[in-house]
Amino acid sequence: MSWLDERFGLSSVTQFLKNKLIPMHKHTIWSYTGSAILLFFVIQVLTGFILIFYYRPILEEANASVARIMTEVPLGWILRSVHSWSATFMIALLFVHLLSIWINKAYRRPRELTWMTGVMLFICSLLFGFTGYLLPWDDLSFSATKVGTDIPRAIPIVGEWVTKLLRGGEDVTGDTLTRFFGIHVCILPIFLLVLLAVHVYLIQKLGMSIPLESEKSKKKLKEIPFWPNFVYREAVLWLILFGVCLTVAIFFPPSLEKAADLMAPAPEGIKPEWYFLFLFQTLKIFPARLLFISGETAAVLLIFLGIVLFFFLPVIDNKPEERKGKIVRASAYLFILYALILTVWSLL
Ligand code: HEM
């Protein structure tokens, strides 16, 4: 350690982590979600590294290579299952992380950029899910990607172009598969790592937020050192979450249907991954026409507006204690209710 310290100056980092204090209050529990997301991201990267040795991103071989991972590669089925389940855990935790920050208004000044990089991380993670879904190249993933990549067509002016860009042509073909693979294993990881570096830097720089009530009353909160006390607590949660993820992955490995047939009609009941269901249902509940635009265009524009508002939430909610602040908090609960109802509805 002293050899490394002499060269890298590691002791200044450990000193910084020891001096970093975590405020303890009734919302501290939500501060564990960020590092739990990181845990699942690391699992995604490690399992992805091994899957990439066996997966073949070309039309004729993709499905068979996944079948080989499931049946021939030693422990391949567990690797694929953990990769798939860990993605689900990561996205579920992302929802909890961002909703807790929304409700507790932890994005308030000076953490606006932490929130904004967070929203971009969230979008990146959803795109990871969307592009990864196609890779097994079976009937279901092929048809779901066809539906998914058709949605941007509803955007005025640039829609057609976006769909073509995503697909690498008019239709979902082998080119789409190779494109999605490149996005999944190269482009998104680069974006995510850069965003993550900024997100984590800002968290270190600004420290953890404290609840609005404590900020107002100026009451001194109890604090514990980040290293080792807080990290030990986090480690307990990591172990539990990893155990649960591994258990679920062993008992419920993801299925693999037969290879997609480009000419076959779309199977019944195509559904995206669970985290897209509420958006999928939103598109469905719109009427065919709404005034002078198609219902789908209206829905897509509305979703886009929602994302923009969401991104600028800390700017919109700049006086958290006033009436507007209360409306913003209520909107978080409304969003939870809306997403739950539409998800259940889409499954009926
Ligand atoms: C790959 C995704 C993400 C990772 C790995 C991540 C990681 C973290 C970590 C480790 C923390 C510090 C501990 C904590 O508060 O939990 C944190 C805090 C924070 N995150 Fe994230 N995050 C991610 C996505 C997001 C998203 C989607 C948002 C919001 C849209 C967001 C907004 C914030 C904010 C505002 C804080 C500061 C909270 C405070 O000071 O109390 N993050 N994040």
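This write-up is about the structure you can find in this document. (Residues numbered from 1 in each chain as written. Predicted model: local features only at pLDDT ≥ 70, side-chain atom pairs only at ≥ 80, totals over all residues. Heavy atoms only, no water.)

### Examining the overall build of the protein
Regarding its fold elements, the protein presents 15 helices and 4 strands. Here the C-alpha atoms of the protein give a radius of gyration of 22 Å, agreeing with the 20 Å that 2.2 N^0.38 yields for 348 residues. For the protein, the spread of C-alpha atoms along the principal axes amounts to about 65 × 60 × 35 Å. Buried residues in the protein amount to 41% of all 348 residues. (Helix = DSSP H or I, 4+ residues; strand = E, 2+ residues; numbered from the N terminus. Rg over C-alpha atoms; globule rule 2.2 N^0.38 Å. Buried < 20%, exposed > 50% of the residue type's maximum accessible area, 1.4 Å probe, protein only.)

### Remarks on the pattern of salt bridges
Taken as a whole and judged by the stated rule, the model has 13 salt bridges. The shortest N-O distance in the salt bridge between D150 and R153 comes to 2.7 Å. The class for D150 is partly exposed, based on a relative accessible area of 33%. A salt bridge links K216 to E321; the shortest N-O distance between them is 4.0 Å. Of the two residues, K216 sits in helix α10 (residues 212–217) while E321 sits in the loop between α14 (313–316) and α15 (323–347), which places them 105 residues apart along the sequence. (Salt bridge = Lys/Arg side-chain N within 4 Å of Asp/Glu carboxyl O.)

### Some details on the site of the ligand
The immediate surroundings of the ligand are formed by 25 residues, with G34, H97, G118, H199 and S209 found nearest. One of the backbone N or O atoms of G34 is found 2.9 Å from an oxygen atom in the ligand. R111 is positioned such that a nitrogen or oxygen atom in its side chain is 3.2 Å from an oxygen atom of the ligand. A total of 6 residues in the shell around the ligand trace back to one element, the largest contributor, which is helix α6 (residues 112–134). Taken together, the residues of the shell around the ligand break down into 14 nonpolar, 10 polar and 1 charged. (Near = heavy atom within 4 Å. Polar contact = N/O pair within 3.5 Å; in protein donor to acceptor, adjacent residues only side chain to side chain. Nonpolar A, V, L, I, M, F, W, Y, C, P; charged D, E, K, R; others polar.)

### Some words on the nonpolar core
In this structure, F40, W102, W115 and L192 are the most contacted members of the largest nonpolar core, which totals 44 residues. Broken down by secondary-structure element, the contributors of at least two residues to this core are α3 (33–54), α5 (76–104), α6, α9 (174–206), α11 (226–251) and α15. Here this core takes 12 residues from α5, the largest share from any one element. Other than its neighbours up to four places away in sequence, F40 contacts S86, F89, M90, L93, L241 and C245. By size, the runner-up hydrophobic cluster in this structure holds 16 residues, among which are I69, L134, L135 and L177. (Core = buried A, V, L, I, M, F, W, Y, C linked by side-chain atoms within 4.5 Å. Contact = heavy atoms within 4.5 Å.)

### Section: the packing of aromatic side chains
Using the criterion set out here, one finds 18 aromatic pairs in the structure. Arranged with centres 5.0 Å apart and planes meeting at 70 degrees, the rings of W115 and F310 form a pair that is edge-to-face. Residue W115 is located in helix α6, and its partner F310 is located in helix α13 (residues 295–311); the two are separated by 195 residues in the primary sequence. The buried category is assigned to W115, whose relative accessible area is 6%. Here the aromatic rings of W137 and F142 are separated by 5.3 Å at their centres, their planes lie at 65 degrees, and the arrangement is edge-to-face. Note on accessibility: W137 and F142 belong to one class, buried. When the ring centre of F226 is taken as origin, the NZ or CZ atom of K20, which lies over that ring, is 5.3 Å away. (Phe/Tyr/Trp six-rings, centres within 6.5 Å; stacked < 30°, edge-to-face > 60°. Lys NZ or Arg CZ within 6 Å of the ring centre and 35° of its normal.)

### Section: the packing of helix α7 (residues 139–150) against helix α8 (residues 159–167)
Two numbers describe how α7 lies on α8: the axes approach to 9 Å, and their chain directions differ by 150 degrees. For the pair formed by α7 and α8, the contact residues are K146, T149 and D150 on the first element and T163, L166 and R167 on the second. Among the residues making up the contact of α7 with α8, the classes are represented as 1 nonpolar, 2 polar and 3 charged. (Axes fitted to C-alpha atoms, helices over the stretch in contact; angles between N-to-C directions.)

### Here's the deal with the packing of α8 against α9
Two elements in contact, α8 and α9, have axes separated by 7 Å at closest approach and are oriented at 80 degrees. Accordingly, the angle class assigned to the pair α8 and α9 is roughly perpendicular. When α8 is examined against α9, the residues K164, L165, L166 and R167 are found in contact with a partner set consisting of D175, T176, R179 and F180. Of the residues contributing to the contact of α8 with α9, the split by class is 3 nonpolar, 1 polar and 4 charged. (Parallel < 35°, antiparallel > 145°, perpendicular 65-115°, else oblique.)

Any functional reading would require information beyond the geometric quantities listed.
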